[in-house]
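Each chain, written out:
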Amino acid sequence: RRSRGVTYPSSMHRSNNMDSSNNSSEQLGGGAINEKQRTLGNSANSVHEKEESWDPSNKLSHILHSIVGLDRYPNYLSRYDESDIAAIEHALEQTLNDVRQQRKQVLQRRNGIRELVEKYNNALANPSAIYDDSQASSDSNDVLQISSLLQPKSWSQLKDVLSDEAFEIIYASIISLSKSTQQTLPSVEDVIRGKFAVQLDPALLEDWMSQECFDVYSFQLLSKDFCSRLRHTITDLSKLGESSEFCSLLLGRRPIDFDTVGLNWISDMLLHMFILPISRHLFATTEKLLSSEDASNDNNNNTKDFLNWRQGYVAGYSANPQSDRAVTRHRLVPHSDDSEVTLNCCLGEEDFEGDNVQFYGLRGTPNEGKLLGEVERPDVGRAVIHAGRHLHAVSEVTAGNRYALIVWTRSWGMRRLTCPCCHLNRRMDASCICDSRWN
Ligand SMILES: O=C(O)CCC(=O)C(=O)O
Ligand SMILES: [Fe+2]
């Protein structure tokens, strides 16, 4: 397999040999993001490295140059000799093969997880059925749901999910907004799905939220009971996932994605009720999600659209990683997320030790790479919210298991303006090669 990006040197953050390049997502432990070694410090893949050959299969920058060239110039390939053209074709074919292979694996895995969840639901309804293969499964076109964690249908059911503060703030804001616009109180379903745009008064945020360090804020979000039910559901699923019927799915060996296990409502709820309205005040201008004019205009309703993609999952850590408890890592190396704004809520367990979330500054700013602060062992149900480009790490867990609910969000509107590198560094003032002005 080609090795784009694996030539970086190890740094102080990567002294543990658990992070060696063969640490794929199927192995437990360590703190790697994926099998590629990445560092916060100077990369060897810099102008100082004298390795000058054209190698689009192994150098990401070379294949990116080809793709941009193909898009920009007519007859772009005419400037290459035949073997160089073959090298581009080969590199793109490898990428296409990666897409095809991953697509197949992703679809197979999702179907397998659907069966697993259906079996789990059957077992909840009839505890002796867990090993009974004769159970009829539901129609695969049904919306997948987990019967122990159904989407709240009423405001009083939502109250059981959220912390008291979070519920009061959301409920009061929705009542006052529907009164001022003379609408009837929306259904919880409409708010969860984003059909009713929640707006939060900045004065309420000031009372509710604390600043943990530069550009990182924390607040009570979920009820302890809900966190415990979610944790148990995740560990029950991963336990069933380790049975011989399902172990090839590697369910508890990777962070468990809410959409694949029928818990998509959790990601939707957190996006629409909290991340969007909070980001409008805290991140809209710094993360260039809205122009400063739009951000200060209270009547604009862009809030609904400015973050329009989300992925929610549970990440588990332990001193003793175990796939049947969905605790996959010891720690997590410094990284930025492929997200504009990230929410991270502590789910417990109650007695873990270590696992502080450390913040190392925003990419593209003078503080990049400097340790700015740490969030130590928050209360269960307490969340932090930060820009995805804020470098962060999770220190080693020294006792117990620790689960975190993570939601990543993106703005495709903003991402259409820049290439990934300008995007990550928020270089919106420069004319990016993706911008139509660039010629
Ligand atoms: O577990 C955490 O607290 C952070 C996880 C994280 O940074 C991530 O999944 O991107
Ligand atoms: Fe992260």
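A brief look at the structure comes next. Here the structure is a predicted model, which means the values were calculated and not measured. (Residues numbered from 1 in each chain as written. Chains lettered and ligands numbered in written order. Predicted model: local features only at pLDDT ≥ 70, side-chain atom pairs only at ≥ 80, totals over all residues. Heavy atoms only, no water.)

What follows concerns the coordination of the iron ion (ligand 2). Around the iron ion (ligand 2), the protein supplies His335 (NE2), Asp337 (OD) and His392 (NE2) as donor atoms, at distances of 2.1 Å. One chain supplies every donor for the iron ion (ligand 2), spaced along it as H-x1-D-x54-H. Of this pair, Asp337 sits in the loop between strand S5 (332–335) and strand S6 (341–348) while His392 sits in strand S11 (residues 390–394), and the two are 55 residues apart along the sequence. Under the relative-accessibility criterion, His392 is labelled buried at 6%. (Donors = N, O, S within 2.8 Å, 3.2 Å for Na, K, Ca; no water. Helix = DSSP H or I, 4+ residues; strand = E, 2+ residues; numbered from the N terminus. Buried < 20%, exposed > 50% of the residue type's maximum accessible area, 1.4 Å probe, protein only.)

This part takes up the packing of aromatic side chains. Throughout the structure, instances matching the rule amount to 10 aromatic pairs. Centre to centre, the rings of Tyr73 and Tyr76 are 6.3 Å apart; their planes meet at 10 degrees, and the pair counts as stacked. Taking 6.1 Å as the distance between ring centres and 50 degrees as the angle between the ring planes, the aromatic pair formed by Trp208 and Phe274 counts as tilted. Taken together, the positions of Trp208 in helix H6 (residues 202–208) and Phe274 in helix H8 (residues 264–282) put the pair 66 residues apart, joining distant regions of the chain. Its relative accessible area of 8% is what places Trp208 among the buried residues. Here Phe274 falls in the buried class, since its relative accessible area comes to 0%. Pairwise contacts between aromatic rings join Trp54, Tyr73, Tyr76 and Tyr80 into one cluster. When the ring centre of Phe352 is taken as origin, the NZ or CZ atom of Arg377, which lies over that ring, is 4.6 Å away. Directly above the ring of Trp309 sits Arg410, whose terminal nitrogen or CZ lies 3.8 Å from the centroid. (Phe/Tyr/Trp six-rings, centres within 6.5 Å; stacked < 30°, edge-to-face > 60°. Lys NZ or Arg CZ within 6 Å of the ring centre and 35° of its normal.)

A few words on the packing of helix H2 (residues 82–125) against helix H7 (residues 224–241). Close contact between H2 and H7 brings their axes to 10 Å; oriented N to C, the two are set at 115 degrees. Accordingly, the angle class assigned to the pair H2 and H7 is roughly perpendicular. For the pair H2 and H7, the sense of crossing is right-handed. Contact residues: H2 offers Leu116, Val117, Lys119 and Tyr120, while H7 offers Thr233, Asp236, Leu237, Leu240 and Gly241. A per-class count over the contact of H2 with H7 returns five nonpolar, two polar and two charged. (Axes fitted to C-alpha atoms, helices over the stretch in contact; angles between N-to-C directions. Parallel < 35°, antiparallel > 145°, perpendicular 65-115°, else oblique. Left-handed = near helix turned anticlockwise from the far one by under 90°. Contact = heavy atoms within 4.5 Å. Nonpolar A, V, L, I, M, F, W, Y, C, P; charged D, E, K, R; others polar.)

Ordered by their spatial adjacency, four strands build an open sheet running S5-S11-S8-S9, and the pairing between neighbours is antiparallel. Each of the sheet's edge strands pairs with one partner strand only, and the pair in question is S5 and strand S9 (373–375). Here the average twist between neighbouring strands, direction ignored, is 20 degrees. (Pairing = 2+ DSSP bridges.)

Now for the nonpolar core. Grouped together as the largest cluster of nonpolar side chains are 75 residues, with contacts concentrated most on Leu222, Leu270 and Leu405. The dominant element in this core, judged by the number of residues it contributes, is H8, at 10 residues. If sequence neighbours within four positions are ignored, Leu270 has contacts with Leu221, Leu222, Ile275, Leu343, Leu405 and Val407. (Core = buried A, V, L, I, M, F, W, Y, C linked by side-chain atoms within 4.5 Å.)

In the vicinity of ligand 1 lie 13 residues, with Tyr313, Tyr317, Asn344, His392 and Arg402 positioned nearest. Contacts to ligand 1 include His392, whose side-chain N or O atom sits 2.9 Å from an oxygen atom. Relative to its free-state accessible area of 290 Å², ligand 1 is covered by the protein chains to the extent of 96%. When contributions to the shell around ligand 1 are tallied by element, the ones reaching two or more residues are strand S4 (309–318), S5, S11 and strand S13 (401–410). Counting residues per element, the shell around ligand 1 draws most heavily on S13, which supplies four residues. Taken together, the residues of the shell around ligand 1 sort by class into eight nonpolar, three polar and two charged. (Near = heavy atom within 4 Å. Polar contact = N/O pair within 3.5 Å; in protein donor to acceptor, adjacent residues only side chain to side chain. Areas by Shrake-Rupley, 256 points an atom, 1.4 Å probe, with all protein chains shown as cover.)

A few words on a nonpolar patch on the surface. Taken together, the side chains of Leu60, Leu64 and Ile67 present a nonpolar region at the surface, about 270 Å² in accessible area. Following the sequence through the fold, Leu64 ends up in helix H1 (residues 60–72). (Patch = residues over 30% accessible without salt bridge, like charges linked within 9 Å, V, L, I, M, F, W, Y side chains within 5 Å. Salt bridge = Lys/Arg side-chain N within 4 Å of Asp/Glu carboxyl O.)

Another aspect to go through is the environment of Ser218. Assignment of secondary structure puts Ser218 in strand S2 (residues 216–220). A residue is classified by how much of its surface remains accessible, and Ser218, at 1% relative accessible area, is buried. Separated by 164 residues in sequence, Ser218 and Arg382 have C-alpha atoms that sit 6.9 Å apart. Residues contacting Ser218, with those up to four places away along its chain left out, are Trp208, Met209, Ser210, Glu212, Arg382, Ala383 and Val384.

In spatial order, the strands read S1-S2-S10-S6-S13-S4-S3; together these seven strands make up an open sheet with antiparallel pairing. Each edge of the sheet is formed by a strand with only one pairing partner; in this case those strands are strand S1 (210–213) and strand S3 (256–257). Pairing analysis gives five bridges linking S6 to strand S10 (residues 382–387), with the strands arranged antiparallel. In the sheet register, Asn344 faces S10, and the bridge partner there is Val384. With respect to the sheet, H7 is in contact with S3, S4, S6 and S13, its orientation differing from that of S6 by roughly 85 degrees.

Per the stated rule, a full pass over the model turns up 17 salt bridges. For Arg325, the salt bridge goes to Glu349, with nearest N and O atoms at 2.7 Å. Separated by 24 residues along the polypeptide, Arg325 in the loop between S4 and S5 and Glu349 in the loop between S6 and strand S7 (353–354) bring together distant segments of the chain. Among the charged side chains, a salt-bridge network with shared partners connects Lys153, Glu189, Arg193, Asp259, Asp268 and Arg310.

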